[in-house]
Amino acid sequence: MSESSPIPERIAGLHDLATDLWWVWHNDAREVFRRLDYKVWRLTAHNPVRMLPLVGADRFAEVAISPAFLQIYDEAMRQLAAARAGADTWWSGRTGIDRSRPIAYFSAEFALHQSLPIYAGGLGVLAGDHCKEASDLGLPFIGVGFMYPQGYFHQTITADGWQEEVYEQIDWAHTATQRAKGLDGQDLVIVVPLGNRTVQVSVWQVKLGGVSLYLMDTNLPENAPWDRELSARLYGGDRETRVQQEVILGIGGVRVLRALGVDPGVWHLNEGHAAFVVLQRIRELLEQGSSFADAHEEVRRSTVFTTHTPVPAGHDAFPFHMVETHLAGCWGGLGSHREDFLALGRFDNGHGTLFNMTALAMRSASGINAVSQLHGHVTRQMWAPLIDELPPQPEPVKAVTNGVHMTNWLSLELSRKLDQYLPADWRARHDETALWDAVLRIPDEELWETRERMRSYMYHFVRERIRDRWVRENATAARVLAGGTLLGQNALTIGFARRMTAYKRPDLIFKDPDRLARLLNDPRRPVQIVFAGKAHPADEGGKHALQGIYRRALDPRFGGRIAFVDDYDLHVAHYLVQGCDVWLNNPLKPLEASGTSGMKAAANGVLNVSIGDGWWPEGFVGGNGWLIDPGVDHTDRDAQDAADADALYRVLETEVVPAFYERDAQDIPRRWVRMVKESIRSVAPRFSTRRMLKEYVERMYLPAYEARTVRR
Ligand SMILES: *Cc1c(COP(=O)(O)O)cnc(C)c1O
């Protein structure tokens, strides 16, 4: 740091811009850093905080007097200031609710940028996109979560295809984070009772324009070594670690807000991990003299809860003795109500009665939602006995289908094309469906050229990544080969990038290897598949599936047309969802709650080939991708796999490959391009967080605000 060049006064705001992650989803701001020094931008995997110290004094001096640079710099700074002010936003036009009673959003993970690896997958991406959109719409909104000093693991693959997890200490100096300050202006540290001791928790702030996140970290020298480790890793520990993390997230999270002087109007629990928020709030009210029933009711009115998984094992549940042990220090203010509280989490999942975090959240929220229409049905069935005991309301479990932060996930290349054909203010109005009809006016030749360029960026990204592994990490020849060395630039490219776990069936397409080999190796119509994804460290089945894919990648009979890209993260995801031609999704129905990678792909004109699970029954309108429909519903897993695989091959052989390779005299696949247009047009406005968050406001947040004011 000491050797970094001083930034000239005229562009001194660069530091402010770099340390507010608002820049991540604003093209004008990204452009500032790209133009400042493109090589360093690439070298640092698009991380301005690392970048600024590497830019030379000459370069700073040069841009500080360049009118072209200053124009985009001034524009980005103006937009950032407006985002922070939050005036004249959708929220301010929609409600009269004042900003002093914000929505507090609790989540165990947030995916904001690849430089801050505090997310594992879809849940984190959704939380991150939710916060970004909250800033755009001007919501009074605060995120609460964890700053895991070692984050989620980096994935490396052995020569034999086995996943190894590497944890690296995150260097805070390389991230857009800062110590949060308490009301007294000092670094904020809060205390959380845990078992028979207390744990000190430091707090980091991450800025996102008009929104702030507060992230907790137990790695303080005042704590015992095992307590310092508590927040070290995301999903890295055993059950005991997990329940203690959740105590800190829930109880500590409320204390952080209090220490900041924040009194939220709505408390949003994103997944059950944060449900102990309820306990801390009940305690506060008991201490103010409420009865337990009144306290619980007050908490319930102002709490909303989003559930994310139809897989029973995906819901955290702990033996009662474990919960009692770790909450021992919290019972004080609960007095005789300890049993009342424990009853709020009681749930028999068929294997015995446990303290279930989802049950606690559902019993303590007035708004509950699932994340797609289908997931809404599944949730209502799965939790029927519990829903029956809740106070009656017209929609006990709503369905708010997920979305993705559209302007962040659209490729720069495609966005520029849209600038030419859509109304100039399309970014500001991108959830208006009619606006997207203009996509049909883009000439086929131009859109196809854009798509080919997007594939080529992805191709070069994969190749450069594997070159880097070879040169810098001494990767074996096998790894270099499996990483995509033999991919072609023009072949029909199928992407499968998602968590390696049984229900997503990453190896389904290998069900009939001969049939697949024929499909891939057609000399005139070659097909290739790019895989990526991490297996949870404890998921042996997922790791075996990954190894199976890796071995196929090295099997000559597939012609080098299968690649596995390691260490899947936001950065890799951006290239893949933009650059593939087809996005494959073949979970075991109905276990995919929503899935969001397919939305990112579809909006970029990457055609979905998907089982009718999660969001796809809503997204598929015919002509905008394909539905894998085996026409049968087996109870036998093997039979279902066989039927789904057969249906998948049929779609690929008879529809996808012909449509892609059917070219006219100008070498344009007209039918394909028509589908690309339908895909963009039908998905971009509807599966955006813009649409999603407005729904959360109307159907979840405003009712919770109103329930509070009625009572007061
Ligand atoms: C979008 C995204 C996901 C979610 O993908 P699914 O479709 O839910 O499997 C996971 N990880 C990353 C890095 C993503 O960008």
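Definitions and cut-offs
- Residues numbered from 1 in each chain as written.
- Predicted model: local features only at pLDDT ≥ 70, side-chain atom pairs only at ≥ 80, totals over all residues.
- Heavy atoms only, no water.
- Helix = DSSP H or I, 4+ residues; strand = E, 2+ residues; numbered from the N terminus.
- Near = heavy atom within 4 Å.
- Polar contact = N/O pair within 3.5 Å; in protein donor to acceptor, adjacent residues only side chain to side chain.
- Areas by Shrake-Rupley, 256 points an atom, 1.4 Å probe, with all protein chains shown as cover.
- Nonpolar A, V, L, I, M, F, W, Y, C, P; charged D, E, K, R; others polar.
- Domains from an automatic or database assignment.
- Axes fitted to C-alpha atoms, helices over the stretch in contact; angles between N-to-C directions.
- Left-handed = near helix turned anticlockwise from the far one by under 90°.
- Contact = heavy atoms within 4.5 Å.
- Expected span 1.5 Å × (residues − 1).
- 1 Å grid on protein atoms, 1.4 Å probe; cavity = no way out; pocket = protein on both sides within 12 Å on 5 of 7 lines; lining within 4 Å.
- Points joined across faces, edges and corners; volume = space filled by probe spheres on them.
- Buried area = accessible area lost by both parts, 1.4 Å probe.
- Phe/Tyr/Trp six-rings, centres within 6.5 Å; stacked < 30°, edge-to-face > 60°.
- Buried < 20%, exposed > 50% of the residue type's maximum accessible area, 1.4 Å probe, protein only.
- Lys NZ or Arg CZ within 6 Å of the ring centre and 35° of its normal.

A. Geometry of unusual backbone geometry. Following Lys-589, the chain continues into Pro-590 via a peptide bond in cis, with omega recorded as 0 degrees. Along the polypeptide, Pro-590 turns up in the loop between strand E19 (582–585) and helix H25 (597–603). At Ala-45, a residue that is not glycine, the phi angle is positive and equals roughly 50 degrees. Relative to the elements of secondary structure, Ala-45 occurs in the loop between helix H3 (38–43) and helix H4 (48–51). Notably, Asp-88 is not glycine yet its phi reads approximately 50 degrees, a positive angle. In this structure, Asp-88 sits in the loop between helix H6 (67–85) and helix H7 (90–94).

B. Inspection of the site of the ligand at higher detail. Around the ligand sit 14 residues in total, of which Lys-504, Ala-573, Thr-596, Ser-597 and Lys-600 are the nearest. Measuring from an oxygen atom of the ligand, one finds a side-chain N or O atom of Lys-504 at 2.9 Å. With respect to the ligand, the backbone of Thr-596 contributes an N or O atom lying 3.2 Å from an oxygen atom. Its free accessible area being 390 Å², the ligand has 94% of it covered by the protein chains. Counting only elements with at least two residues in the shell around the ligand, the list comes to helix H8 (122–137), helix H24 (570–579) and H25. Here the shell around the ligand is composed, by residue class, of five nonpolar, five polar and four charged. Each of domain 2 (101–152 + 218–402 + 693–711) and domain 3 (421–685) gives at least three residues to the shell around the ligand.

C. Focus on the packing of helix H20 (residues 444–473) against H24. Contact geometry of H20 with H24 gives a least axis separation of 8 Å together with a crossing angle of 145 degrees. Judged by the twist between their axes, the crossing of H20 over H24 is left-handed. Contact residues: H20 offers Arg-451, Met-454, Arg-455, Tyr-457, Met-458, Phe-461 and Arg-465, while H24 offers His-571, Val-572, Tyr-575, Leu-576, Gln-578 and Gly-579.

D. View of H6. Helix length check: H6 (19 residues) gives 27 Å between terminal C-alpha atoms against 27 Å at 1.5 Å per residue, within 8%. Of the surrounding secondary structure, the elements contacted by the buried residues of H6 are helix H1 (14–18), helix H2 (27–36) and helix H5 (57–64). Looking one or two residues past H6, Gly-86 carries a phi angle of roughly 65 degrees, positive in sign.

E. How the structure looks around empty space enclosed by the protein. Tallying each qualifying case throughout the model produces five cavities of 30 Å³ or more. What the largest cavity holds in volume is close to 90 Å³. Lining of the largest cavity is provided by Ile-157, Val-462, Arg-465, Ile-466, Arg-479, Ala-482, Gly-483, Tyr-550, Phe-564, Val-565 and Asp-566. Only H20, helix H21 (477–485) and strand E18 (562–565) provide two or more residues apiece to the lining of the largest cavity. When its residues are assigned to classes, the lining of the largest cavity shows seven nonpolar, one polar and three charged. Looking at the second largest cavity, its volume works out to about 60 Å³. Here the element with the most residues in the lining of the second largest cavity is helix H10 (residues 239–259); it accounts for four residues. Broken down by class, the residue content of the lining of the second largest cavity amounts to six nonpolar, two polar and two charged.

F. Representation of the domain arrangement of the protein. Parsing the protein into structural domains produces domain 1 (9–85), domain 2 (101–152 + 218–402 + 693–711) and domain 3 (421–685). Listed per partner, the contact involves 21 residues of domain 2 and 23 residues of domain 3. For the pair domain 2 and domain 3, the summed buried area comes to about 1700 Å², and 63% of that belongs to carbon and sulfur atoms. On the domain 2 side of the interface with domain 3, the three residues burying the most area are Gln-114, Tyr-152 and Leu-374, jointly 30% of the side's total.

G. The packing of aromatic side chains, seen in detail. Tallied over the full model, the rule gives 28 aromatic pairs. Ring plane angle 15 degrees and centroid distance 6.5 Å describe the contact between Phe-69 and Tyr-73, whose orientation is recorded as stacked. Taken together, the positions of Phe-69 and Tyr-73, both in helix H6 and four residues apart, correspond to about one turn of that helix. Across the pair, exposure class does not vary: Phe-69 and Tyr-73 are buried alike. Aromatic pair Trp-426 and Trp-436: ring centres 5.9 Å apart, planes at 80 degrees, arrangement edge-to-face. In this pair, Trp-426 is assigned in the loop between helix H19 (412–421) and H20 and Trp-436 in the loop between H19 and H20, connecting sequence segments ten residues apart. The same class applies to Trp-426 and to Trp-436, which are both buried. Taken together, Trp-448, Trp-626, Phe-660, Tyr-661 and Trp-672 form an aromatic cluster joined through their ring pairs. Above the ring of Trp-409, the side-chain terminus of Lys-600 is found at 4.1 Å from the ring centroid. Seen from the ring of Phe-660, Arg-663 lies directly overhead, with NZ or CZ sitting 5.0 Å from the centre.

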